[in-house]
Amino acid sequence: MNLWRVNGGYRLWMVRHLSTGMEVAKKERKAKKLYQRLSALGATGETVAETLNGYIAEGNSVGKTTLEICVKSLRKYRRFQHALQIMEWMELRKIRYSSVDHALRLDLISKTKGISAAEDYFNGLPPIAKDRLTYGALFNCYCKESMEEKALSLFKVMDELSFISSDLVFSNLMSLYMKMNKPEKVIHLVQEMKRRNIPMGAFTYILWMNSYASLNDIEGVERVLSEDENKPNWTTYSNLAAIYMKAGLFEKAESALKKLEEAMKPPKREAYHFLISLYAGTNNLGEVNRVWNSLKSVFPSTNNMSYLVMLQALHKLKDVGGLTNCYKEWESSCSSYDVRLANVVISNYLSQDKYKEAALIFDDAIKRCKGPFFSAREMFMVYFSKNRQVDLARSHLEAAVSEVKDGEWRPTPATATAFLKYFEGEKDVDGAEEFCRVLKTFKCLTSNIYHLLLKTYIAAGKLAPEMRQRLKEDHIKISSDLENLLQRVCPE
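Below is a short write-up of the structure. (Residues numbered from 1 in each chain as written. Predicted model: local features only at pLDDT ≥ 70, side-chain atom pairs only at ≥ 80, totals over all residues. Heavy atoms only, no water.)

### Here's the deal with the overall build of the chain
Here is step 1 of the chain: If you tally the helices and strands in the chain, you get 28 helices and zero strands.
Here is step 2 of the chain: Across its three principal directions, the C-alpha atoms of the chain cover 105 × 55 × 55 Å.
Here is step 3 of the chain: Here the contacts in the chain between residues at least 6 apart in sequence split such that 59% fall between residues at least 24 apart.
Here is step 4 of the chain: For the chain, the accessible area works out to roughly 26600 Å², and carbon and sulfur atoms hold 52% of it. (Helix = DSSP H or I, 4+ residues; strand = E, 2+ residues; numbered from the N terminus. Contact = heavy atoms within 4.5 Å. Areas by Shrake-Rupley, 256 points an atom, 1.4 Å probe, with all protein chains shown as cover.)

Take a look at the structure:
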């Protein structure tokens, strides 16, 4: 045997192996560097295209792998608009798409522009790109939007094309039925998977458990756990703990959380996040603090998401002192300011009637980043409306309206209700009508809004002869409750 040849071949393999590893690490470093800039877009005010073009102008190269890593990271943190803009930039640069890219872009279009735009994108794809992945992405969109009829129709087409060979499509359909409060259909789908000999993954088992939980069948939940052919992992136990908590079985919940900790090997940041949130749900501040300290010891570089989870837990537990200290700790060390953390503290302070402290946090946030500030402004709108300081509430509404672009915000039902309740109490029809005109520009006039508007007319003792016509023009279905109010405001 020629050992030189053997050893030479081994050395060549090692050189290639190490070179590949170094190349992957290099790409990951590049992606991290670029992602840090893209994730800070809210603070810099730049667009995605400006950031990418500026990055290249500095002499950096941007490969497809780097961009794909950035897209997936932005999507993970729900920065859907920015993720889609990267993909649009890739297309302008004529970077060739794979089926994975088409499927990912379809999903992002659905999240940012709506299902019709996603359908248009799918229909415009060349036949070769209409494969298992892109069909699956469209099917997932239908399921997320609770479009049962379209989902079932596409399921049939995918079945005919032999695109249903794993549990992914079934789990999407199960999620749809759980959202539609039809848990019994999940159990039927499990039987169909068994008939087809399709193995179930961890997420499918979780959905199956949840279907029994929705039917208040805890024994059924525990049977699924015992049937799980995979070794239950930390996600299974976190789900089980949440089920027990909802059922009021707190001892069983804490037992499941202990098993969660045993199962998260190697330690995962996300698992710690679930532990903190779930222990907060059991009202156990001591365990929340213990897990938080454990997380920081395992991951010394504590990121924004970890601080966000901890702040939310402390807010839920009404630990104002702990929340304040945690926020100060984050604020003094953060490399990227995230307004979501400020929002949690503002919400907590306003709930404790600590307006001055909340205002200081908000003013500092405005100085340190570019927003978005809609959530914080809405908290102040609701706070001032309930405290009968409508001029201050209106100033935040006007600011939010001036800041909005590309349909990224509309007043929430809670905000609209707070305003209209105030106008009803003041018998202020003109104020209520002015506010409804604002709502109409955002296309969020609903039957509940008209219900509150009519109650304002009744409180003021005024009639509105044109009200039925307005309801018709705004496509509002007249319920029996609305009809009773209309009889008093707009008698036929």
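### Regarding the packing of aromatic side chains
Here is step 1 of the chain: Following the criterion strictly, the structure yields 24 aromatic pairs and no others.
Here is step 2 of the chain: Between Phe122 and Tyr135, the ring centres sit 5.0 Å apart and the planes meet at 75°, which makes this aromatic pair edge-to-face. Linking Phe122 in helix 7 (residues 115–123) with Tyr135 in helix 8 (residues 132–144), this pair joins segments that are 13 residues apart in sequence. Accessibility classification places Phe122 together with Tyr135 in one group, the buried group.
Here is step 3 of the chain: Consider the rings of Phe380 and Phe384, whose centres lie 6.3 Å apart with planes at 25°: the pair is stacked. Of this pair, Phe380 and Phe384 are both found in helix 22 (residues 374–386), four residues apart, which corresponds to roughly one turn of the helix. Taken as a pair, Phe380 and Phe384 share a single burial class, namely buried.
Here is step 4 of the chain: The rings of Tyr355, Phe362, Phe373, Phe380, Tyr383 and Phe384 are connected pair by pair, giving a single aromatic cluster. (Phe/Tyr/Trp six-rings, centres within 6.5 Å; stacked < 30°, edge-to-face > 60°. Buried < 20%, exposed > 50% of the residue type's maximum accessible area, 1.4 Å probe, protein only.)

### A word on unusual backbone geometry
Here is step 1 of the chain: Along the chain, Lys265 connects to Pro266 via a cis peptide bond; the corresponding omega equals 0°.
Here is step 2 of the chain: Note on placement: Pro266 falls in the loop between helix 15 (250–263) and helix 16 (269–281).
Here is step 3 of the chain: In the segment running from Gly371 into Pro372, the intervening peptide bond is cis, with an omega of 5°.
Here is step 4 of the chain: Counting through the fold element by element, Pro372 comes out in the loop between helix 21 (355–368) and helix 22.
Here is step 5 of the chain: We note that Ser162 has phi near 60°; this positive angle belongs to a residue other than glycine.
Here is step 6 of the chain: Mapped onto the secondary structure, Ser162 falls in the loop between helix 9 (148–160) and helix 10 (167–179).
Here is step 7 of the chain: Residue Ser162 is classed as exposed on the basis of its relative accessible area of 54%.
Here is step 8 of the chain: Notably, His475 is not glycine yet its phi reads approximately 55°, a positive angle.
Here is step 9 of the chain: Here His475 lies in the loop between helix 27 (467–473) and helix 28 (480–489).

### As for the nonpolar core
Here is step 1 of the chain: Counting 156 residues, the largest nonpolar core has Ile86, Phe139, Leu260, Ile276, Tyr327 and Met467 as its most contacted members.
Here is step 2 of the chain: Per element, the largest residue contribution to this core is eight residues, and it comes from helix 20 (residues 339–351).
Here is step 3 of the chain: Excluding anything up to four places from it in sequence, Met467 contacts Glu433, Tyr450, Leu453, Leu454, Tyr457, Leu486 and Cys490. (Core = buried A, V, L, I, M, F, W, Y, C linked by side-chain atoms within 4.5 Å.)

### Description of the side chain of Asp167
Here is step 1 of the chain: If you trace the backbone, Asp167 turns up in helix 10.
Here is step 2 of the chain: Although Asp167 lies buried, it forms no salt bridge, and the closest oppositely charged side chain, Arg132, sits 11 Å away as judged by the N-O distance.
Here is step 3 of the chain: Excluding residues that lie within four positions of it along the chain, Asp167 makes contacts with Met193, Ile198, Pro199, Met200, Gly201 and Thr204. (Lys, Arg positive; Asp, Glu negative; His and termini not counted. Salt bridge = Lys/Arg side-chain N within 4 Å of Asp/Glu carboxyl O.)

### Overview of the pattern of salt bridges
Side chains carrying opposite charge are able to pair once their charged atoms draw close together.
Here is step 1 of the chain: For the coordinates displayed, the defined rule picks out 30 salt bridges.
Here is step 2 of the chain: One salt bridge connects Glu68 with Lys64, and the closest N-O pair in it is separated by 3.6 Å. Within this pair, Glu68 and its partner Lys64 are both found in helix 4 (residues 64–76), separated by four residues, close to a single helical turn.
Here is step 3 of the chain: In this structure Glu68 comes out as partly exposed when scored by relative accessible area, which is 23%.

### Some remarks on the packing of helix 3 (residues 48–57) against helix 5 (residues 80–92)
Here is step 1 of the chain: Contact geometry for helix 3 and helix 5: axes closest at 9 Å, N-to-C directions at 55°. The angle between helix 3 and helix 5 falls in the class oblique. With respect to the hand of their crossing, helix 3 and helix 5 are arranged in right-handed fashion. Between helix 3 and helix 5, the contacting residues are Val48, Ala49, Leu52, Asn53 and Ile56 on the first element and His82, Gln85, Ile86 and Trp89 on the second.
Here is step 2 of the chain: Counted by class, the contact of helix 3 with helix 5 contains six nonpolar, three polar and no charged residues. (Axes fitted to C-alpha atoms, helices over the stretch in contact; angles between N-to-C directions. Parallel < 35°, antiparallel > 145°, perpendicular 65-115°, else oblique. Left-handed = near helix turned anticlockwise from the far one by under 90°. Nonpolar A, V, L, I, M, F, W, Y, C, P; charged D, E, K, R; others polar.)

### Quick word on the environment of Lys76
Here is step 1 of the chain: Note on placement: Lys76 falls in helix 4.
Here is step 2 of the chain: Once the C-alpha coordinates of Lys76 and Lys113 are considered, the two residues, 37 residues apart in sequence, prove to be 18 Å apart.

### Quick notes on the environment of Val291
Here is step 1 of the chain: With respect to the element layout, Val291 can be found in helix 17 (residues 285–298).
Here is step 2 of the chain: Relative accessible area serves as the criterion here: at 1%, Val291 is assigned to the buried category.
Here is step 3 of the chain: In this structure, the C-alpha to C-alpha distance between Val291 and Met147, residues 144 residues apart in sequence, is 40 Å.
Here is step 4 of the chain: For Val291, the contacting residues outside a window of four places in its chain are Tyr272, Leu275, Ile276 and Tyr279.

### Some words on helix 3
Here is step 1 of the chain: For helix 3, the complete set of buried residues consists of Val48, Thr51, Leu52 and Tyr55. Buried residues of helix 3 fall within an arc of 95° about the axis and therefore sit on the same side. (Arc of directions from axis to C-beta.)

### Thoughts on the environment of Pro266
Here is step 1 of the chain: On the accessibility criterion, Pro266 (58% relative accessible area) is exposed.
Here is step 2 of the chain: Residues Pro266 and Ser277, spaced 11 residues apart in sequence, show a C-alpha to C-alpha distance of 20 Å.

### A word on helix 16
Here is step 1 of the chain: For helix 16, with 13 residues, the first-to-last C-alpha span of 19 Å sits near the 18 Å given by 1.5 Å per residue.
Here is step 2 of the chain: For helix 16, the full list of buried residues reads Ala271, Tyr272, His273, Leu275, Ile276, Leu278, Tyr279 and Ala280.
Here is step 3 of the chain: As for helix 16, its buried residues are in contact with helix 14 (234–246), helix 15, helix 17 and helix 18 (304–316).
Here is step 4 of the chain: Asn283 occupies a position one or two residues after helix 16 and carries a positive phi of about 65°. (Expected span 1.5 Å × (residues − 1).)

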